[in-house]
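Spelled out, the chains give:
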Amino acid sequence: MSDVFRMIEQAGVVPVVVATSDEEALHTCQALARGGLPVAEITFRTAAAAAAIARVRREMPEMLVGAGTVLTVDSARQALDAGAAFLVSPGFSRAVVQFAIEKGVPVLPGCSNPTDLMAAVEMGLEWVKFFPAEPLGGLGMLKALAAPFGMLKFVPTGGIDETNLAAYLSFKQAPACGGSWMVRKELAQAGRFDEIERLTAEAVGIVRAAKGF
């Protein structure tokens, strides 16, 4: 297991951050760290993504920062140039996965069916993203999909929040989940970083109880 995946497993939750500026991303990540969660997936859903990753990496070297919504090799390259430590995609792109493998960077491609998972296994991956988790059928669907793929670990994302986080983490093939409830964009845009910190600390408490530490 890579150090990145080991850190993600330890964290139990990967906050999915959509930032409109590098300043907003920095304050959000500082609130996450104060809440006990030094990891973030900054998504390429805004034009500020690359600058946000670079700023957080520069000013918070202790923070594990990855890039999300990586749809193309070009955006993957931008993410790595900015300093992203891992890549996350909503779907399975062989081109993006191959690029990450060649660069030696951990990648979590979105997988939603057995065909995606077979492709992941063929390319030598050990971790994937299960997305969108709740709309696809939730934990029951994940367990059914995972059954023939005991060699894979899953990071369920999509519809995960404080009400179902513990249930997902109880499944041994789901060492961590992705979620945005503690970093909702309206909180960051309103400057409510104290609330982000509070929700993060609450999430960390759920993880610790679920994992028994």
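Check the entry above for the structure.
A brief report on the enclosed structure follows.

Conventions used here
Residues numbered from 1 in each chain as written. Predicted model: local features only at pLDDT ≥ 70, side-chain atom pairs only at ≥ 80, totals over all residues. Heavy atoms only, no water. Helix = DSSP H or I, 4+ residues; strand = E, 2+ residues; numbered from the N terminus. Contact = heavy atoms within 4.5 Å. Phe/Tyr/Trp six-rings, centres within 6.5 Å; stacked < 30°, edge-to-face > 60°. Buried < 20%, exposed > 50% of the residue type's maximum accessible area, 1.4 Å probe, protein only. Lys NZ or Arg CZ within 6 Å of the ring centre and 35° of its normal. Lys, Arg positive; Asp, Glu negative; His and termini not counted. Salt bridge = Lys/Arg side-chain N within 4 Å of Asp/Glu carboxyl O. Core = buried A, V, L, I, M, F, W, Y, C linked by side-chain atoms within 4.5 Å. Axes fitted to C-alpha atoms, helices over the stretch in contact; angles between N-to-C directions. Parallel < 35°, antiparallel > 145°, perpendicular 65-115°, else oblique. Left-handed = near helix turned anticlockwise from the far one by under 90°. Nonpolar A, V, L, I, M, F, W, Y, C, P; charged D, E, K, R; others polar.

Some details on the environment of Phe 44
The topology assignment puts Phe 44 in the loop between strand E2 (39–43) and helix H3 (49–59). If we skip the residues at most four places from it in the chain, Phe 44 touches Ala 49, Ala 50, Ile 53, Ala 67, Gly 68, Thr 69, Ser 75, Gln 78 and Ala 79.

What to know about the packing of aromatic side chains
Under the defined criterion, the tally for this structure stands at 1 aromatic pair. Both rings, one in Phe 5 and one in Trp 127, keep their centres 4.6 Å apart while their planes meet at 5 degrees; by these two values the pair is stacked. Placement of Phe 5 in helix H1 (residues 3–11) and of Trp 127 in strand E7 (residues 127–130) is noted, with a sequence separation of 122 residues between them. Here Phe 5 falls in the buried class, since its relative accessible area comes to 10%. Against the face of Phe 131 rests Lys 129, its NZ or CZ located 4.5 Å from the ring centre.

Observations concerning unusual backbone geometry
Along the chain, Phe 131 connects to Pro 132 via a cis peptide bond; the corresponding omega equals -10 degrees. The backbone phi angle of Thr 69 is positive, close to 55 degrees, even though this residue is not glycine. Note on placement: Thr 69 falls in the loop between strand E3 (64–68) and helix H4 (73–82). Classification of Thr 69 as buried rests on a relative accessible area of 16%.

Focus: the side chain of Glu 24
The topology assignment puts Glu 24 in helix H2 (residues 22–34). We note that Glu 24 is buried and unpaired, the nearest opposite charge coming from Lys 185 at a distance of 9.3 Å. With residues up to four places along the chain from it excluded, the contact list for Glu 24 reads Val 18, Ala 19, Ala 188, Gln 189 and Phe 193.

What about the nonpolar core?
One finds Ile 8, Ile 42, Leu 87 and Leu 165 to be the most contacted residues of the largest nonpolar core, which totals 79 residues. Not counting the four nearest positions on each side in its chain, Leu 87 is found in contact with Ala 67, Val 70, Ala 76, Ala 79, Leu 80, Ala 100, Val 105, Pro 106, Val 107 and Leu 108.

Concerning the packing of H2 against H3
Interaxial distance between H2 and H3 falls to 8 Å at its minimum, and their mutual angle equals 45 degrees. It follows from the interaxial angle that H2 and H3 lie oblique. Along this stretch, H2 crosses H3, giving a crossing that reads as right-handed. For the pair formed by H2 and H3, the contact residues are Asp 22, Glu 23, Ala 25, Leu 26 and Cys 29 on the first element and Ala 51, Ala 52, Arg 55, Val 56 and Glu 59 on the second. Of the residues assigned to the contact of H2 with H3, the class counts are 6 nonpolar, no polar and 4 charged.

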